[in-house]
Amino acid sequence: MRQTTRLIRLEKEKRFHRKKTMFYRSNLLLHTERVAYLLEQCIPYAEEVFGKEFNSPMARGIAKVFDDFEIEMGEISPEERILLEIDNSRMEERRKDAARRLISASNGLSIDGFAYGTLLNMARRRGEIEAQIVNWCDSFNGFGESLHEVYAGNARIFMEPVECYIKKLRAFPDKHPKLNRLFERIPEYFAIPYFEEPTMPHLHTENSIKRETGYAPYDSWKRTIIKSGEEKGLISLIRQKEYLSPVEQIDQTNFQIASPT
């Protein structure tokens, strides 16, 4: 598998494909880019906290392949992921099978100077600090994308993923004790406070997307995407791709369209 082929496959794989309507739907390639943006926010702190225990280039490489498994096994919804992770052996078997097929087709592919298979297996096992930090960034981006939909008025579909990501992110300190020193170093970054559904949701515009909502994780996520992704990042947050049917609009509560100001 050539690198260009891999990127094309990532771009074709839609995120949250089981959700019928997602206003600002991303794909695996965009998701991977956003995970890389979030990782860069963590790297200076990880280098400070873990020193030589932490390999920044390796972390960046893992981030680029972390969701490659989904090329082969399809996206797993947050709800299903929680169930699979209760019985981790089932999730591990699915990832192993996907990794075998990906590595078999990789034909000696390397990414950032690391063997593709090495990065993929580190992403699968998640035993090293680098992979665990990427895992946090991966989940945090899923959380941000779900919140983005809720703030746009798509709460009926995306409040459930929001709640699932809150449970998963709050469980990180216990599930990944290696990261506790990092969590303690920047607690405000890793804190996941109570989330209350917005009373006046609206579709996102270039002006509205830059306003603070008061919910720190979402505001931090938006700032990072806009700062690191620049114009491309901004456009990805405000360009609507899908629309509710008339019936779905009736079902939605508190739905209103933002004025283009």
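Calculation notes
- Residues numbered from 1 in each chain as written.
- Predicted model: local features only at pLDDT ≥ 70, side-chain atom pairs only at ≥ 80, totals over all residues.
- Heavy atoms only, no water.
- Buried < 20%, exposed > 50% of the residue type's maximum accessible area, 1.4 Å probe, protein only.
- Helix = DSSP H or I, 4+ residues; strand = E, 2+ residues; numbered from the N terminus.
- Polar contact = N/O pair within 3.5 Å; in protein donor to acceptor, adjacent residues only side chain to side chain.
- Contact = heavy atoms within 4.5 Å.
- Salt bridge = Lys/Arg side-chain N within 4 Å of Asp/Glu carboxyl O.
- Core = buried A, V, L, I, M, F, W, Y, C linked by side-chain atoms within 4.5 Å.

### Considering helix H7 (residues 116–125)
Every α-helical turn comprises 3.6 residues, leaving residues that sit three or four positions apart pointing alike.
Thinking step 1. Counted residue by residue, H7 has seven buried out of ten residues, so it is predominantly covered.
Thinking step 2. Those residues of H7 that fall on the buried side of the exposure criterion are Tyr116, Gly117, Leu119, Leu120, Met122, Ala123 and Arg124.
Thinking step 3. Taken from the residues just after H7, Arg126 is the one with a positive phi, measuring 60°.

### A word on the side chain of Arg6
Thinking step 1. Within the secondary structure layout, Arg6 lies in helix H1 (residues 3–12).
Thinking step 2. Within the structure, Arg6 has its side chain in polar contact with the backbone oxygen of Lys64 (distance 2.3 Å).

### Quick look at the side chain of Gln240
Thinking step 1. Its place among the elements puts Gln240 in the loop between helix H13 (216–238) and helix H14 (246–251).
Thinking step 2. Excluding anything up to four places from it in sequence, Gln240 contacts Phe23, Tyr24 and Leu203.

### Some thoughts on the pattern of salt bridges
Thinking step 1. Scanning all chains against the criterion turns up 16 salt bridges.
Thinking step 2. With its nearest N and O atoms 3.7 Å apart, the salt bridge here joins Asp97 to Arg100. Remark: Arg100 and Asp97 occur in helix H6 (residues 88–106); sequence separation between them is three residues, near one turn of the helix.
Thinking step 3. Residue Asp97 is classed as partly exposed on the basis of its relative accessible area of 32%.
Thinking step 4. The closest approach of N and O atoms between Lys222 and Asp219, which form a salt bridge, is 3.8 Å. Of this pair, Lys222 and Asp219 both sit in helix H13, three residues apart, roughly one helical turn.

### Remarks on the nonpolar core
Thinking step 1. In this structure, Phe50, Ile62, Ile133, Trp136, Phe143, Phe195 and Tyr215 are the most contacted members of the largest nonpolar core, which totals 67 residues.
Thinking step 2. Ranked by residues supplied to this core, first place goes to helix H8 (residues 129–151) with eleven residues.
Thinking step 3. Every residue in contact with Ile133, bar those within four places of it in the chain, is listed here: Leu39, Cys42, Ala46, Phe50, Phe54, Leu179 and Leu182.
Thinking step 4. The next biggest cluster of nonpolar side chains, apart from the first, holds five residues, and it includes Phe23, Tyr24, Ala152 and Leu203.

### Observations concerning the environment of Ile71
Thinking step 1. Here Ile71 lies in helix H4 (residues 69–73).
Thinking step 2. C-alpha of Ile71 to C-alpha of Lys12: the two residues are 59 residues apart in sequence and 9.0 Å apart in space.
Thinking step 3. Leaving out residues up to four positions away in the same chain, Ile71 has contacts with Arg6, Arg9, Leu10, Glu13 and Leu28.

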